[in-house]
Amino acid sequence: MAISYAWDVSTVDTYPTKDSKADVIYNVHWRLTATDDTNNDANGNPQTSYVYGAEGLSVADLSSFTAFASVSKANVQAWVEASMNDDDSNRIASLKAGLDADIAAKITPITEQKTIS
């Protein structure tokens, strides 16, 4: 199974001003999508799964502040990944493992829902 992962980190919460900086990002609403390009569903579409959440970012030290107009999605993704893995728990690996398991269950279901008539 060849699974790829894509982040959507385009929605953020900001402080209008903090420590004389404008539009300081302090929270990121994220979605991580996994796509299996090998095993398609019954309609021929790749199997997908996603998880979403929000990640708070530390704004205690703004010495390396990036102005909002210069922030890219790649910047935000890097900040989220660093924040998620800063406590040695490697939450990203856990999220990906969960997505992998969800896709595997779609390919080879371990349960089925049926209707009694």
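In what follows, the accompanying structure is described. Because the structure is a prediction, the values reported are computed rather than measured. (Residues numbered from 1 in each chain as written. Predicted model: local features only at pLDDT ≥ 70, side-chain atom pairs only at ≥ 80, totals over all residues. Heavy atoms only, no water.)

Some words on helix α2 (residues 91-107)
(1) Moving on: For α2, which comprises 17 residues, the first-to-last C-alpha distance of 25 Å matches the rise-based estimate of 24 Å (1.5 Å per residue) to within 8%.
(2) Moving on: All of the buried residues along α2 are I92, L99 and I103. Projection of α2 onto a plane perpendicular to its axis shows the buried side chains occupying an angular sector of 40°, all on one side.
(3) Moving on: In this structure, the buried residues of α2 make contact with β1 (3-18), β2 (21-40), β3 (46-56) and α1 (73-84). (Helix = DSSP H or I, 4+ residues; strand = E, 2+ residues; numbered from the N terminus. Expected span 1.5 Å × (residues − 1). Buried < 20%, exposed > 50% of the residue type's maximum accessible area, 1.4 Å probe, protein only. Arc of directions from axis to C-beta. Contact = heavy atoms within 4.5 Å.)

Some thoughts on the sheet that holds β1
By definition, the strands of a sheet pair up through backbone hydrogen bonds, in either a parallel or an antiparallel sense.
(1) Moving on: Taking strand neighbours across the sheet as the criterion, the 3 strands line up as β1-β2-β3 in an open arrangement whose pairing is antiparallel. The two strands at the open ends of the sheet, each matched to only one other strand, are β1 and β3. Adjacent strand axes in the sheet meet at a mean angle of 15° when their direction is disregarded.
(2) Moving on: Here β1 pairs with β2 via 13 bridges, running antiparallel. (Pairing = 2+ DSSP bridges. Axes fitted to C-alpha atoms, helices over the stretch in contact; angles between N-to-C directions.)

Thoughts on the pairing of β2
(1) Moving on: Adjacent in sequence and paired antiparallel, β1 and β2 are bridged by 2 residues, among which D19 carries a positive phi angle near 50°.
(2) Moving on: Alignment of β2 against β3, held across 11 bridges, turns out to be antiparallel. Pairing of L32 across the sheet is with V51, part of β3.
(3) Moving on: The hairpin turn running from β2 into β3, its antiparallel successor, is 5 residues long, and G44 in that turn takes a positive phi close to 85°.

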